[in-house]
Amino acid sequence: MVEFKKPTKNNRGFFVNMKLVHRHGRLQSQQEKTNLCFKYYKFFLWVSLSLYFLSSYCISHKPIPLSKTHYFSKSNVVSRALFESTNSTFIQQPKNNRALLKDLKIYVYELPSKYNTDWLANERCSNHLFASEVAIHRAISNSDDVRTFDPYEADFFFVPVYVSCNFSTVNGFPAIGHARSLMSSAVRLISTNFPFWNRSQGADHVFVASHDFGSCFHTLEDKAIEDGVPEFLKNSIILQTFGVNYYHPCQDVENVVIPPYVFPESVRSSLLKAPLTDRRDIWVFFRGKMEVHPKNVSGRFYSRKVRTELWRKFSGDRRFYLQRHRFAGYQSEIVRSVFCLCPLGWAPWSPRLVESVALGCVPVIIADGIRLPFPDAVPWPEISLTVAERDVAKLGMILEHVAATNLSAIQKNLWDPAVKRALLFNNQIEEGDATWHVLYALAQKLDRSHRTVRVWD
């Protein structure tokens, strides 16, 4: 006899109450066994499905591990060398802060052409190593999002003065003896004709100083230190290639360290001709000035004799491809190289830093105390090596050790396209490129903006 009982209010569904009224106990026993098996089968199925969904959730929500970075440190041998890195997303961190740039507005002064565009008659002005002053001006001017034509809604004011395009007729190098007077003239012009400089004393005004010792406007360090930053600029923001991690008079101003300019089209062309997947047949590369008998200039030696030591120690070493003469196609040599030496010259920075990164060659930085551009965006310890100037003679041993241990990890980080993008300037601002990171740095200085401070008040 089988009875179906209706569910109660507190017990949904139904249950079956079975009464066996026949006299055959065997049938009852078989049915009990069948019900028991079915019961265990349902329990097993429930447990299996629960484990399946739990494991699926755990896998899909597995947390990203923090970067595991180890350093090789041996007394008087190497300052920094990466051993291992498991996180290549470091470069993407600033992208999570797009909100900082969303409402950023910059007013670009329309100065007379003698301050900027007249210099573009010389084609070199827009593509030499100091051309970031041109590139930043051009990129901001081309931006409908960042540029404002209403100065009263501007957070910052960009003053476009090109001081690095006066090329010497003797050696072809930029001559910047006119820089201070040209900058001073521009400041007088905007402070006389506009109210914005005077209301903040220039604190929200931005200039570019892309040469050897930045806002000191001199190519020799002793003279740069003696002159210091001009008084009329000391309250402003300077975008400069010069930077060190100790006190220096040429940093005695609010500043952002930016990369030296490398023409992005030349990088793209070099990469197309020699893809990164090709075998790199040059182990250590450097092409540049290496004086055998360095001259004493005002009590200082070029490159603090580092380049001289490189030539003396390794010019006969078959592992090192060292060249002292210029070659227009030297980027084709970088793209074939494993390690690219980036020693200081008169100043600690060098365009080789950007060229090496952009062309996939591990930069070997030999410039004590250098401050590198965009450290919040570019994981320099994970893509480069730093060797103390005093350890140049041990360079062969250092690089052999790195090649035998962690070279592949460094190259993996170096070849992240976002790393290259962060160091190159474009005519139009691209998210993550060098101008984008300049804007990101400015957005963190909004406390200097007269407009922002007024709103807060």
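Up top is the structure these notes are about.
Description of the structure in this document. Fair warning: this is a prediction, and the values are worked out from it, not measured in the lab.

## Side note on the overall build of the chain
Here is step 1: A count of helical and extended segments in the chain gives 16 helices and 15 strands.
Here is step 2: Out of the 457 residues in the chain, the part that is buried amounts to 48%.
Here is step 3: Surface exposure of the chain reaches about 24100 Å², of which carbon and sulfur atoms provide 54%.

## As for the state of the cysteines
Here is step 1: Tallying each qualifying case throughout the model produces three disulfides.
Here is step 2: Note on cysteine connectivity: Cys125 is disulfide-linked to Cys165, with sulfurs 1.9 Å apart. Measuring handedness by torsion sign, the sulfur bridge of Cys125 and Cys165 sits at about 75° and is right-handed. With Cys125 in the loop between strand S3 (106–108) and helix H3 (132–141) and Cys165 in the loop between strand S5 (156–158) and helix H4 (179–193), this pair connects stretches of sequence that are 40 residues apart. Taken as a pair, Cys125 and Cys165 share a single burial class, namely buried.
Here is step 3: The disulfide partner of Cys216 is Cys250, and the S-S distance across this bridge is 2.2 Å. Judged by the sign of its S-S torsion, about -115°, the bond between Cys216 and Cys250 is left-handed.

## Concerning the layout of surface pockets
Here is step 1: Here the largest pocket is characterised by a volume of approximately 1700 Å³.
Here is step 2: When residues of the lining of the largest pocket are traced back to their parent elements, those giving at least two are helix H7 (264–273), strand S9 (282–287), helix H9 (331–334), strand S13 (337–343) and helix H10 (352–358).
Here is step 3: The biggest single contributor to the lining of the largest pocket is H7, with four residues.
Here is step 4: Here the lining of the largest pocket is built from residues that sort into 22 nonpolar, 16 polar and 10 charged.

## Remarks on the sheet that holds S9
Pairing between the strands of a sheet comes from backbone hydrogen bonds, and it takes one of two forms, parallel or antiparallel.
Here is step 1: One open sheet accounts for five strands, arranged S12-S9-S13-S14-S15; its pairing is parallel. Only two strands of the sheet have a single partner each, and these edge strands are strand S12 (320–323) and strand S15 (385–386).
Here is step 2: Of the strands in this sheet, S13, strand S14 (362–366) and S15 are in contact with helix H13 (residues 407–414), which crosses S14 at around 100°.

## So, the packing of aromatic side chains
Here is step 1: Evaluated as defined, the whole model comprises 17 aromatic pairs.
Here is step 2: For the ring pair Trp197 and Phe207, a centre distance of 6.2 Å and an interplane angle of 80° mean the geometry is edge-to-face. With Trp197 in helix H5 (residues 196–200) and Phe207 in strand S6 (residues 205–209), the pair connects residues that are 10 residues apart, well separated along the chain. We note that Trp197, like Phe207, is buried.
Here is step 3: An aromatic cluster is defined as three or more aromatic residues linked by ring pairs; in this entry it consists of Tyr107, Tyr109, Tyr152, Phe157, Phe194 and Phe196.
Here is step 4: Over the ring of Tyr302 we find Lys289, and its NZ or CZ is 4.4 Å from the ring centre.

## Some remarks on the sheet that holds strand S8 (residues 254–257)
Here is step 1: With parallel pairing, the six strands of this open sheet are ordered in space as S4-S3-S5-S6-S7-S8. Looking at strand neighbours, the two that pair on one side only are strand S4 (147–148) and S8, the edges of this open sheet.
Here is step 2: Pairing analysis gives three bridges linking S3 to S5, with the strands arranged parallel. What sits directly across from Ile106, in S5, is Phe156.

## Concerning the packing of H3 against helix H15 (residues 434–443)
Here is step 1: At a minimum axis separation of 10 Å, H3 and H15 run at an interaxial angle of 80°. Judged on the interaxial angle alone, H15 and H3 are roughly perpendicular. Only Thr435, Val438 and Leu439 of H15 make contact with H3, whose side of the interface consists of Ile136, Ala139 and Ile140.
Here is step 2: Its residues assigned to classes, the contact of H3 with H15 comprises five nonpolar, one polar and no charged.

## Section: H3
Here is step 1: The buried fraction of H3 is high, at eight of 10 residues.
Here is step 2: Buried within H3 are the following residues: Ser132, Glu133, Val134, Ala135, Ile136, His137, Ala139 and Ile140.
Here is step 3: Next to the buried residues of H3 lie S3, S4, S5, S6, strand S7 (237–240) and H15.

## Comments concerning empty space enclosed by the protein
Here is step 1: Throughout the structure, instances matching the rule amount to four cavities of 30 Å³ or more.
Here is step 2: Roughly 70 Å³ of internal volume is contained in the largest cavity.
Here is step 3: Lining the largest cavity we find Phe213, Glu221, Phe242, Val244, Tyr246, His248, Arg304, Leu344, Trp346, Ala347, Pro348 and Asp368.
Here is step 4: Here the residues of the lining of the largest cavity are counted per class, giving eight nonpolar, one polar and three charged.
Here is step 5: Split by domain, the residues of the lining of the largest cavity number at least three in each of domain 1 (97–260 + 425–456) and domain 2 (264–422).

## Topic: the nonpolar core
Here is step 1: Ranked by size, the top nonpolar core spans 117 residues in total, and within it Ile136, Val161, Phe339, Val364 and Leu395 carry the most contacts.
Here is step 2: Among the elements that take part in this core, H15 stands out by supplying eight residues, more than any other.
Here is step 3: In terms of domain composition, this core takes at least three residues from each of domain 1 (97–260 + 425–456) and domain 2 (264–422).
Here is step 4: Sequence-distant contacts of Ile136, that is, excluding residues within four places in its chain, are made with Phe158, Val208, Leu239, Ile258, Phe425, Thr435 and Val438.

## Concerning the environment of Glu221
Here is step 1: Along the chain, Glu221 turns up in helix H6 (residues 221–227).
Here is step 2: Distance in space between the C-alpha atoms of Glu221 and Trp346 is 7.3 Å, their sequence separation being 125 residues.
Here is step 3: Setting aside its immediate chain neighbours within four residues, Glu221 contacts Phe213, His248 and Arg300.
Here is step 4: Within the structure, the side chain of Glu221 is placed 3.4 Å from the side chain of Arg300, a separation counted as a polar contact.

Reading the values: rules and limits
- Residues numbered from 1 in each chain as written.
- Predicted model: local features only at pLDDT ≥ 70, side-chain atom pairs only at ≥ 80, totals over all residues.
- Heavy atoms only, no water.
- Helix = DSSP H or I, 4+ residues; strand = E, 2+ residues; numbered from the N terminus.
- Buried < 20%, exposed > 50% of the residue type's maximum accessible area, 1.4 Å probe, protein only.
- Areas by Shrake-Rupley, 256 points an atom, 1.4 Å probe, with all protein chains shown as cover.
- Disulfide = S-S within 2.5 Å.
- 1 Å grid on protein atoms, 1.4 Å probe; cavity = no way out; pocket = protein on both sides within 12 Å on 5 of 7 lines; lining within 4 Å.
- Points joined across faces, edges and corners; volume = space filled by probe spheres on them.
- Nonpolar A, V, L, I, M, F, W, Y, C, P; charged D, E, K, R; others polar.
- Pairing = 2+ DSSP bridges.
- Contact = heavy atoms within 4.5 Å.
- Axes fitted to C-alpha atoms, helices over the stretch in contact; angles between N-to-C directions.
- Phe/Tyr/Trp six-rings, centres within 6.5 Å; stacked < 30°, edge-to-face > 60°.
- Lys NZ or Arg CZ within 6 Å of the ring centre and 35° of its normal.
- Parallel < 35°, antiparallel > 145°, perpendicular 65-115°, else oblique.
- Domains from an automatic or database assignment.
- Core = buried A, V, L, I, M, F, W, Y, C linked by side-chain atoms within 4.5 Å.
- Polar contact = N/O pair within 3.5 Å; in protein donor to acceptor, adjacent residues only side chain to side chain.

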